[in-house]
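# Structural description and commentary
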Amino acid sequence: SLFLKLKKILIDNRAAYKVNDAAVAIQCGIRCHYARVSFRRLLGKKRLDDASTDIQAVYRGHLVRLKVREESIRQWEELEKFSATRLQATYRAHLTRRGISKKREEWKREWRRRAAG
């Protein structure tokens, strides 16, 4: 009946999950084995102490490169801020000179009008 069919499907699904989990565990074991073999091959005749020193050196180099990158980003941001400030100051000075020039022209007109009048 329908109940028995559903029960059979459920049992088959559980079996499939178990098979899948077992396959994943086997793959994990094989990958770990190959990683160990390739690591030993890379080491050659080195001892594990030398390997740990190499790993530490690589990690310290990574940290230094990270620090240099962060420092260059910080310097770039400071340069952008300085450049923006310099542009703003230059433009404000331009506006001020232009405003004084217009005022001077108005004063000259006023003086000429008073002198003529």
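Described below are features of the structure shown in this document. (Residues numbered from 1 in each chain as written. Predicted model: local features only at pLDDT ≥ 70, side-chain atom pairs only at ≥ 80, totals over all residues. Heavy atoms only, no water.)

Attention shifts here to a positive patch on the surface. On the surface, Arg104, Lys108, Arg109 and Arg112 cluster together to form a positively charged patch. For Arg109, the location among the structural elements is in helix H2 (residues 48-116). (Patch = residues over 30% accessible without salt bridge, like charges linked within 9 Å, V, L, I, M, F, W, Y side chains within 5 Å. Areas by Shrake-Rupley, 256 points an atom, 1.4 Å probe, with all protein chains shown as cover. Salt bridge = Lys/Arg side-chain N within 4 Å of Asp/Glu carboxyl O. Lys, Arg positive; Asp, Glu negative; His and termini not counted. Charge placed at Lys NZ, Arg CZ, Asp CG, Glu CD. Helix = DSSP H or I, 4+ residues; strand = E, 2+ residues; numbered from the N terminus.)

Turning our attention to a nonpolar patch on the surface. A cluster of nonpolar side chains, namely Leu2, Leu6 and Ile9, defines an oily patch on the protein surface of about 320 Å² accessible area. Turning to its location among the elements, Leu6 is positioned in helix H1 (residues 2-43). Look at Leu6 and you get exposed, because its relative accessible area is 51%. (Buried < 20%, exposed > 50% of the residue type's maximum accessible area, 1.4 Å probe, protein only.)

Another aspect to go through is the pattern of salt bridges. With the rule as written, the count across this model stands at four salt bridges. Residue Glu71 pairs with Arg74 through a salt bridge whose shortest N-O separation is 2.3 Å. Of the two residues, Glu71 and Arg74 are both situated in helix H2; the distance of three residues between them amounts to about one turn of the helix. In this structure Glu71 comes out as partly exposed when scored by relative accessible area, which is 32%. Within this structure, Glu71, Arg74 and Glu78 form a network of salt bridges that share partners.

A word on the state of the cysteines. Applying the stated rule across the entire model yields zero disulfides. This cysteine, Cys32, is not joined by any disulfide, and Cys28 carries the nearest cysteine sulfur, 4.2 Å off. (Disulfide = S-S within 2.5 Å.)

All quantities given are derived from atomic positions and should not be read as evidence of function.
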